[in-house]
Amino acid sequence: QVQVVESGGGLVQAGGSLRLSCAASGRTFSSYYMGWFRQAPGKDREFVASIGRSDTFPYYADSVKGRFTISRDNGKTVSLQMNSLKPEDTAVYYCTVGSRITTATMTSPGEYDYWGQGTQVTVSS
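To keep things clear, this report deals only with the structure shown in the data block. (Residues numbered from 1 in each chain as written. Predicted model: local features only at pLDDT ≥ 70, side-chain atom pairs only at ≥ 80, totals over all residues. Heavy atoms only, no water.)

### Brief notes about the overall build of the protein chain
And then number 1: Looking only at helices and strands, the protein chain features zero helices and eleven strands.
And then number 2: Going from the N terminus to the C terminus, the protein chain shows its helices and strands as β-β-β-β-β-β-β-β-β-β-β.
And then number 3: Its C-alpha radius of gyration of 13 Å places the protein chain within 12% of the 14 Å reference for a compact globule of 125 residues.
And then number 4: For the protein chain, the C-alpha atoms occupy an extent of roughly 40 × 25 × 25 Å along the three principal directions.
And then number 5: Counting the 125 residues in the protein chain, one finds 42% classified as buried.
And then number 6: Once local pairs closer than 6 in sequence are excluded, the contacts in the protein chain between residues at least 24 apart make up 58%.
And then number 7: Of the roughly 6,100 Å² that the protein chain leaves accessible, carbon and sulfur atoms contribute 47%.
And then number 8: Of note, the protein chain has its 12 positive side-chain charges centred 4 Å away from the centre of its 10 negative side-chain charges. (Helix = DSSP H or I, 4+ residues; strand = E, 2+ residues; numbered from the N terminus. Rg over C-alpha atoms; globule rule 2.2 N^0.38 Å. Buried < 20%, exposed > 50% of the residue type's maximum accessible area, 1.4 Å probe, protein only. Contact = heavy atoms within 4.5 Å. Areas by Shrake-Rupley, 256 points an atom, 1.4 Å probe, with all protein chains shown as cover. Lys, Arg positive; Asp, Glu negative; His and termini not counted. Charge placed at Lys NZ, Arg CZ, Asp CG, Glu CD.)

### A look at the packing of aromatic side chains
And then number 1: Throughout the structure, instances matching the rule amount to eight aromatic pairs.
And then number 2: Feature note: the residues F37, F47, Y59, Y94, Y112 and W115 constitute an aromatic cluster, connected by ring pairs.
And then number 3: The ring centre of Y94 lies 3.7 Å from the NZ or CZ of R45, which sits over that ring.
And then number 4: The ring of W115 carries the charged tip of R45 above its face, separated from the ring centre by 4.8 Å. (Phe/Tyr/Trp six-rings, centres within 6.5 Å; stacked < 30°, edge-to-face > 60°. Lys NZ or Arg CZ within 6 Å of the ring centre and 35° of its normal.)

### Digging into the pairing of strand 3 (residues 18–25)
And then number 1: Taking every second residue as pointing to the same face, the buried face of strand 3 carries L18, L20, C22 and A24, while none of R19, S21, A23 and S25 on the other face is buried.
And then number 2: Note: strand 1 (residues 3–7) against strand 3, five bridges, orientation antiparallel. Opposite V4, over in strand 3, you have A24 as the bridge partner.
And then number 3: Two strands pair when backbone bridges link them, and strand 3 and strand 8 (residues 77–82) are joined in this way by six bridges, in the antiparallel orientation. Bridge pairing links R19 to Q81 in strand 8. (Pairing = 2+ DSSP bridges.)

### Looking at the environment of T103
And then number 1: Take T103: it is sitting in the loop between strand 9 (91–98) and strand 10 (114–115).
And then number 2: According to the relative accessible area criterion, T103 is partly exposed, its value standing at 36%.
And then number 3: Between the alpha carbons of T103 and K43 there is a distance of 25 Å; along the sequence they are 60 residues apart.
And then number 4: Reaching out from T103, the side chain makes a polar contact with the side chain of T105 at a distance of 3.0 Å. (Polar contact = N/O pair within 3.5 Å; in protein donor to acceptor, adjacent residues only side chain to side chain.)

### Examining the sheet that holds strand 1
And then number 1: Here we have four strands laid out as an open sheet, ordered 1-3-8-7, and antiparallel in their pairing. The two strands at the open ends of the sheet, each matched to only one other strand, are strand 1 and strand 7 (68–74). The sheet shows a mean angle of 15 degrees between the axes of neighbouring strands, taken without regard to direction. (Axes fitted to C-alpha atoms, helices over the stretch in contact; angles between N-to-C directions.)

### So, the nonpolar core
And then number 1: Grouped together as the largest cluster of nonpolar side chains are 36 residues, with contacts concentrated most on W36, L80, M82 and Y93.
And then number 2: Those elements that place two or more of their residues in this core are strand 3, strand 4 (33–39), strand 5 (46–51), strand 7, strand 8, strand 9 and strand 11 (119–124). (Core = buried A, V, L, I, M, F, W, Y, C linked by side-chain atoms within 4.5 Å.)

The quantities given are spatial measurements derived from coordinates; they are silent on function.
Okay, here's the thing in structure tokens:
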């Protein structure tokens, strides 16, 4: 059974930092893209960042570029370092694994296969 589990969310003041972690288990994920999406209340789930196998091809949404860094520690673990956080970054953050992703520019939620339960990130002003 595939499991994707996020950790590391919380409450932080604007300008602060948080680090999210994600671990996937249940099958071999080393060759798949892994990524992060987020969803704020009343809004669609949106792409944040993704990374290919062996820590290659990191790709970011324009809204987080230069502030967030995605990294992959091994085939099944991915982290998202979030710096200079803004109130508009407040959302539930989801980790995901995509077996059908062939390029980093594939950023639609429907193109990803496995999802975690989400972790809340709240940035106060």
